[in-house]
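What follows is each chain in one-letter form.
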Amino acid sequence: EKNWNREAVYYHYYEYPSVHMVKRHYGIVTEDYKLAHFYYDIDEWELYDRRADPMEMKNVYYDSSYSEIVKKLKTQLGELREMYKEL
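Read on for an overview of the structure. (Residues numbered from 1 in each chain as written. Predicted model: local features only at pLDDT ≥ 70, side-chain atom pairs only at ≥ 80, totals over all residues. Heavy atoms only, no water.)

1. Looking at the packing of aromatic side chains
Where two aromatic rings form a pair, the distance of their centres and the angle of their planes describe that pair.
Moving on, step 1. Within this structure, the stated rule accounts for four aromatic pairs.
Moving on, step 2. Where Tyr61 meets Tyr62, the ring centres are 4.9 Å apart and the plane angle is 85 degrees; that geometry is what we call edge-to-face.
Moving on, step 3. An aromatic cluster is present here, built from Trp45, Tyr61 and Tyr62 joined pairwise through their rings. (Phe/Tyr/Trp six-rings, centres within 6.5 Å; stacked < 30°, edge-to-face > 60°.)

Structure follows, in structure tokens:
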């Protein structure tokens, strides 16, 4: 995005069940990627390549070519969760 000016953004979606019916999850979004961890009644991870897949339709979390990205984003996510006292 041309106006992107942050290294990463942390978010937490916890309103389930509700209107959108999106399971509880938290994640990190960068200009290039989105990593989400679904929790509570499931334990699932999703990774989206925002440049190659702007509609976020293909979860590439288990694609080995993204393993270093997953590692880096999980570290950043942990740091942000600690900073916001979400751990």
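Continuing now.
2. Observations concerning the pattern of salt bridges
Moving on, step 1. For the structure on display, the rule yields five salt bridges.
Moving on, step 2. Two residues, Arg51 and Glu31, come together in a salt bridge whose shortest N-O distance is 3.4 Å. Of this pair, Arg51 sits in the loop between strand E4 (44–49) and helix H1 (67–83) while Glu31 sits in the loop between strand E2 (25–29) and strand E3 (33–38), placing them 20 residues apart in sequence.
Moving on, step 3. Across the pair Lys34 and Glu56 runs a salt bridge whose closest N-O atoms are separated by 3.2 Å. Residue Lys34 is located in strand E3, and its partner Glu56 is located in the loop between E4 and H1; the two are separated by 22 residues in the primary sequence.
Moving on, step 4. Exposure remark for Glu56: the relative accessible area of 24% places this residue in the partly exposed category.
Moving on, step 5. Each of Glu31, Asp32 and Arg51 takes part in salt bridges that share partners, so that together they form one network. (Salt bridge = Lys/Arg side-chain N within 4 Å of Asp/Glu carboxyl O. Helix = DSSP H or I, 4+ residues; strand = E, 2+ residues; numbered from the N terminus. Buried < 20%, exposed > 50% of the residue type's maximum accessible area, 1.4 Å probe, protein only.)

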